[in-house]
Amino acid sequence: MRPMLQQIVQMLFAHRLRSLLAVTAVVWGIVSVLVLMALGEGFYQINAKSFSLLMSDTQLALPEMTSKPWQGLPARREVSFTEPEFRLLEKQSAIKALSVVFQKWDAAVTDITGHTLPGYIRGVDNNYIAMRKIKLASGSRNISTRDINRYSRIAVIGWQLAQQGGLTIGDKLRVNGVPFLVAGITRQSEGGMSMGREDNQVLIPSSTFTELWNDKPVQIMVTPAAGISGVVLRKNLLSFFASQKHFDPSDKRAVWLPDFSQDVKFFTTLLRGIQLFLGASGAMTLAVGALGVANIMFLSVTERTREIGVRLAIGASPNNILVQFLLEGGVLVSIGTAVGIALSYVLILLLNQMGLPDWLGSPVISADAVLMALSVTVVLALLASFFPARRASNLIPVIALSARV
Amino acid sequence: MSLVQLKDISKHYQSGDEHVYALDGVTLTIKKGEFLSILGPSGSGKSTLMNVLGCLDKPTAGFYQLDDHDVSSFSSKELAAVRNSKIGFVFQSFNLLEYATALENVMLPLVYAGVNLRKRRAKAAELLERVGLGDRMSHKPNQLSGGQKQRVAIARALVNDPQIILADEPTGALDSKSGAEIEALFSELHHEGRTLIVVTHDISLARRTKRIINIKDGKVVDDEILEPSSTIYHRREGD
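Conventions we followed
- Residues numbered from 1 in each chain as written.
- Chains lettered and ligands numbered in written order.
- Predicted model: local features only at pLDDT ≥ 70, side-chain atom pairs only at ≥ 80, totals over all residues.
- Heavy atoms only, no water.
- Helix = DSSP H or I, 4+ residues; strand = E, 2+ residues; numbered from the N terminus.
- Rg over C-alpha atoms; globule rule 2.2 N^0.38 Å.
- Buried < 20%, exposed > 50% of the residue type's maximum accessible area, 1.4 Å probe, protein only.
- Contact = heavy atoms within 4.5 Å.
- Areas by Shrake-Rupley, 256 points an atom, 1.4 Å probe, with all protein chains shown as cover.
- Lys, Arg positive; Asp, Glu negative; His and termini not counted.
- Salt bridge = Lys/Arg side-chain N within 4 Å of Asp/Glu carboxyl O.
- Pairing = 2+ DSSP bridges.
- Phe/Tyr/Trp six-rings, centres within 6.5 Å; stacked < 30°, edge-to-face > 60°.
- Lys NZ or Arg CZ within 6 Å of the ring centre and 35° of its normal.
- Expected span 1.5 Å × (residues − 1).
- Bend = angle between axes of the 7 residues up to and from the residue.
- Domains from an automatic or database assignment.

What chain A contains, in helices and strands, is 14 helices and ten strands. Its C-alpha atoms give chain A a radius of gyration of 33 Å, more than 25% over the compact-globule value 22 Å for 405 residues. Split into buried and exposed, the 405 residues of chain A put 49% on the buried side. Contacts spanning at least 24 positions in sequence make up 78% of the contacts within chain A whose residues lie at least 6 apart. Approximately 19700 Å² of chain A is accessible, and the part contributed by carbon and sulfur atoms is 62%.

In structure tokens form, the structure reads like this:
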């Protein structure tokens, strides 16, 4: 095998232009596949982040109104819970974590000089930021249990609100005239969309909220214990709420338990579909590259018919010739693949440094993409080399020797 | 002791509407150590005979025994092994690999014989020294003269210590001086006891051999034994 590889390298150098063209065809194909798939992956990841809450197993529960009469009680009864009523859920084994959320849309949010800011208030516990997967800018701190116990007047505010009010950490703002210290600012959302105007929210400790307003919580967020499916969790929650507030456990309108699994499925399929389309486009280019290699290999066999004749005359078996041409194709494709992968990484690095639009995300070459490109290349390389190699090995020595090329 | 035995060897093929009898019932015996030439005009079938003798082509009919083996029934793979170990070819147009050096060209048959690099290099270098090209080993064919190329080809033909050396018009592409050198080299090889078969239409080259087989229309028409004293014995067909 080694002397054959040496001969192949020698031959490839001897026919530099032909080898270069074949390698270029493969490089072009590999770069197309990897760069397109990297763009697709970046797009997928950025959008998956936008839907992070939808795509996580965190369940929302929003009390609303009964729609069915139950045990002598009429329909259309408003359902509401106090925080301690919600907290009873924490004792259930199916529930890993709970966050109770208060909300005030019409609170007056102003900066310290009295200028109105377009913010709204959420009273939250120490679990909220983590469960909601909110990222905080550096220097920020989370709302802690200590803040809740002490009724602290601190706020974690949305980045947009901070920008509009020119607020930084350590500044103050007023909520209904009461001063709050800005302890944290959310990080600018990376996705194409943000959920529910969160970039303008003012998060304050839930205890401080209830001190200011005598409201009931508007929603809770629940993380199920390991092994508990969304369906089971929703069923558990509904029966808990139904027994607490005396409504029909089949009344799904009493407490809204949104099920995002179908939407998640749809979005994931859509995003993966876009990625697949990009990958397929690249694979087509790679196939054209492989055709180029096959073409060059056929040309090589035709040009070197006499050489094949000489090799057969001095004792090469048809198998030796077959292996030689398969290896030649293999070496060309391997070089092309290695250069293509390296070049793709460089291109992706440059693209990321250039700064692409936010909605496109940061292209990233995944191991799966490299593996897919490699598998496609191996198959195409074998096909591209096999047929020319078979033609070479089937040559009859005397006919090959009489070739005029 | 006979090295080659051909019995009623025929090679027929269709060329357009015409049925061509390139070889038509050739029967021939060649002993070990013979130096003979196959002589005939263009289209006489001498090259076809050489191709059959060299296992480059299979006969349509007949029996071919080489070194006690019935090679007429061999597969492509077996024939490749025979060509590698028992036959050395010298072609009119040298047929060297242009991108390989003289040494690499001579080493090539040993690659297919599975010989290791150290031995390949040593044997090829020894043979290039033997043909007077010890100082041209790393030269590529385009850096060599016609005569030098042919000497590289002869070294390549000898590298596996073959039973027969088959030369097809070996001086055909050379000037007279280089041609004479090659003829002298062949005579030396003959004196070393090697079996040489030269296919040619050049009567003067044929005269340097010890036996001349005349071929015409695919048939052996004359088989002359040339003794050292230049006395010629004729062995007509059927003798």
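Back to the text.
Turning our eyes to something else, we now look at the side chain of Glu-169 of chain B. Here Glu-169 of chain B shows up in the loop between β7 (164–168) and α6 (176–191). Of the side chains with opposite charge, Lys-46 of chain B comes closest to the buried, unpaired Glu-169 of chain B, at an N-O distance of 4.2 Å.

All names here are of chain B. In this sheet, strand β4 (residues 61–66) lies alongside strand β1 (residues 2–15) in antiparallel orientation, the contact comprising five bridges. Within the sheet, the bridge partner assigned to Leu-6 lies in β4 and is Tyr-64. Sheet topology note: the β4/strand β5 (residues 69–70) ladder contains two bridges and is antiparallel. Paired with Gln-65 across the strands is Asp-70, a residue of β5. Counted along the chain from β4 to the antiparallel partner β5, the turn is two residues long, and its residue Asp-67 has a positive phi close to 50 degrees.

Turning to the packing of aromatic side chains, a few remarks are in order. Residues and elements named next belong to chain A. Applying the stated rule across the entire model yields eleven aromatic pairs over all chains. Ring geometry for Phe-386 against Phe-387: centres 5.3 Å apart, planes inclined by 75 degrees, an arrangement best described as edge-to-face. A relative accessible area of 31% means that Phe-386 is categorised as partly exposed. Relative accessible area serves as the criterion here: at 39%, Phe-387 is assigned to the partly exposed category. In this structure an aromatic cluster arises from ring pairing among Phe-81, Phe-86, Phe-240 and Phe-241. Over the ring of Phe-81 we find Lys-245, and its NZ or CZ is 5.2 Å from the ring centre. Over the ring of Tyr-44 we find Arg-272; its NZ or CZ atom is 3.6 Å from the centre of that ring.

Residue and element names in this part refer to chain A. Here helix α13 (residues 367–393) is 27 residues long and its end C-alpha atoms lie 37 Å apart, about the 39 Å a rise of 1.5 Å per residue gives. Taking the largest bend as the criterion, α13 deviates by roughly 25 degrees, centred on Phe-386, and proline Pro-388 comes between one and four positions later. All of the buried residues in α13 are Ala-369, Val-370, Ala-373, Thr-377, Leu-380, Ala-381, Ala-384, Ser-385, Pro-388, Ala-389, Ala-392 and Ser-393. Lining the buried residues of α13 we find α2 (16–50), α10 (261–303), α11 (305–313) and α12 (318–354).

Taken as a whole, chain A is organised into domain 1 (2–51 + 264–401), domain 2 (65–94 + 226–253) and domain 3 (95–224). Its C-alpha centre places domain 1 of chain A at a distance of 59 Å from the equivalent point of domain 2 of chain A.

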